[in-house]
Amino acid sequence: MSFMTPRGLKIRIEIPYAFALMARLAPKRSAFRVLKTVEGLEQIPPIFGFIAAFYVLLTSPAIFLLIYSIVIGRVIGTLIIWFGLFIIPGLTQIATIVSYLSGYGILLTISVVTSFLIIGWQGVLALIGGWLISMLASGIIQWTIGWVRSKQIGQPITQSEINFFNAYRLHADACGVTPDLVLSQEEEQSGKWLACLEEYASNYPQAVSRFADSYYQAITGARRAH
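Here is what the cut-offs are and how they apply
Residues numbered from 1 in each chain as written. Predicted model: local features only at pLDDT ≥ 70, side-chain atom pairs only at ≥ 80, totals over all residues. Heavy atoms only, no water. Helix = DSSP H or I, 4+ residues; strand = E, 2+ residues; numbered from the N terminus. Buried < 20%, exposed > 50% of the residue type's maximum accessible area, 1.4 Å probe, protein only. Lys, Arg positive; Asp, Glu negative; His and termini not counted. Charge placed at Lys NZ, Arg CZ, Asp CG, Glu CD. Core = buried A, V, L, I, M, F, W, Y, C linked by side-chain atoms within 4.5 Å. Contact = heavy atoms within 4.5 Å. Salt bridge = Lys/Arg side-chain N within 4 Å of Asp/Glu carboxyl O. Polar contact = N/O pair within 3.5 Å; in protein donor to acceptor, adjacent residues only side chain to side chain. Expected span 1.5 Å × (residues − 1). Phe/Tyr/Trp six-rings, centres within 6.5 Å; stacked < 30°, edge-to-face > 60°. Lys NZ or Arg CZ within 6 Å of the ring centre and 35° of its normal. Disulfide = S-S within 2.5 Å.

## Things to note about the overall build of the chain
Right, on to step 1. The number of helices and strands found in the chain is 12 helices and 2 strands.
Right, on to step 2. Ordered by position from N to C terminus, the α and β elements of the chain give β-β-α-α-α-α-α-α-α-α-α-α-α-α.
Right, on to step 3. Each of the three principal axes of the chain carries a C-alpha extent, and together these read 65 × 35 × 30 Å.
Right, on to step 4. Relative to its full complement of 226 residues, the chain shows a buried share of 47%.
Right, on to step 5. A distance of 6 Å separates the average location of the 16 positive side-chain charges in the chain from that of its 12 negative side-chain charges.

And the structure:
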């Protein structure tokens, strides 16, 4: 029973478990804020790729160096996510802000125009080529680490799930709440997850509409249990 973030990122985690974790953070953090952070963390690899590209364009523009920098930047961003290396101050907040702009091609358009003005059409082709190669490299890393971790825990896990756990831990640390991902028996039986889910649905019905079937299954199952 999966659910989705406000902008439709699918998270393959059972709703009662995920919202029980987020319920720990109330009232300091809402489920909406945690899920927006998940969307922000997803932007870290492309952000690093763009930063690397702009650095090369503004300092030492060269076609092969541009391609190389984009690939290295995105790979570094991917490794940060999968190993939870959030040591750069303000990175999470910046990434979350960028997530509100993602999907409109703003950063890509700016980088394409900049590449054309500095290098020409070769720069545009290098940028696009570097971006495609970086996506492939990032995908291979995600698949490899995800496969290993899936074997360890006995169920499939992707970058979306990793970023949900990352987001929870980041907010838990900020709130002084345990970052442990294991729920106690009391937490499993308390029903706080249901209150957290219903609060989220009440305030953000459009977001919940993205996983309406799973939502109603979770609600119906909880009410039958009681």
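## Details of the nonpolar core
Considering soluble globular proteins, one finds that nonpolar side chains tend to be buried as a cluster.
Right, on to step 1. Core analysis: the largest hydrophobic core is formed by 55 residues, its most contacted members being Phe 3, Phe 19, Phe 164 and Trp 193.
Right, on to step 2. Those residues in contact with Phe 164 that sit more than four places away from it in its chain are Phe 3, Ile 11, Ile 13, Ala 18, Leu 21, Met 22, Leu 35 and Val 38.
Right, on to step 3. Grouped together as the second largest cluster of nonpolar side chains are 9 residues, Leu 57, Leu 66, Ala 126 and Leu 127 included.

## What about the pattern of salt bridges?
Right, on to step 1. Enumeration over the complete set of coordinates arrives at 3 salt bridges.
Right, on to step 2. Measuring nitrogen to oxygen at the nearest pair gives 2.6 Å for the salt bridge that ties Arg 24 to Glu 187. Of this pair, Arg 24 sits in the loop between α1 (15-23) and α2 (31-42) while Glu 187 sits in helix α9 (residues 185-190), and the two are 163 residues apart along the sequence.
Right, on to step 3. Overall, Arg 24 belongs to the buried group, its relative accessible area being 14%.
Right, on to step 4. In this structure Glu 187 comes out as partly exposed when scored by relative accessible area, which is 24%.
Right, on to step 5. Notably, a salt bridge pairs Lys 36 with Glu 39, separated by 2.6 Å at the nearest N-O pair. Of this pair, Lys 36 and Glu 39 are both found in helix α2, 3 residues apart, which corresponds to roughly one turn of the helix.
Right, on to step 6. According to the relative accessible area criterion, Lys 36 is buried, its value standing at 5%.

## Here's the deal with the environment of Lys 28
Right, on to step 1. Tracing the chain through its elements places Lys 28 in the loop between α1 and α2.
Right, on to step 2. Beyond its immediate sequence surroundings of up to four residues, Lys 28 is in contact with Arg 33 and Cys 175.
Right, on to step 3. Polar side-chain contacts of Lys 28 include one of 3.4 Å to the backbone oxygen of Cys 175.

## Structural notes on helix α8 (residues 159-175)
Right, on to step 1. For α8, built from 17 residues, the straight-helix expectation of 24 Å at 1.5 Å per residue is met to within 8% by its first-to-last C-alpha distance of 24 Å.
Right, on to step 2. For α8, a buried count of 13 out of 17 residues is recorded, marking the element as mostly surrounded by other parts of the structure.

## Comments concerning the packing of aromatic side chains
Right, on to step 1. Applying the stated rule across the entire model yields 12 aromatic pairs.
Right, on to step 2. Relative to Tyr 216, the ring of Tyr 215 has its centre 5.2 Å away and its plane inclined at 70 degrees; by these criteria the two rings are edge-to-face.
Right, on to step 3. Overall, the relative accessible area of 54% leaves Tyr 216 in the exposed class.
Right, on to step 4. Above the plane of the ring of Tyr 100 lies Lys 36, whose end atom (NZ or CZ) is 4.1 Å from the centre.
Right, on to step 5. Above the ring of Trp 131, the side-chain terminus of Arg 74 is found at 5.0 Å from the ring centroid.

## Section: the state of the cysteines
Right, on to step 1. In the structure shown here, the tally under the stated rule is 0 disulfides.
Right, on to step 2. Unpaired in this structure, Cys 175 has its nearest cysteine sulfur neighbour in Cys 196, at a distance of 12 Å.
Right, on to step 3. Residue class for Cys 175 comes out buried when judged on its relative accessible area of 9%.
Right, on to step 4. The buried category is assigned to Cys 196, whose relative accessible area is 10%.

Purely geometric numbers; function is a separate question.
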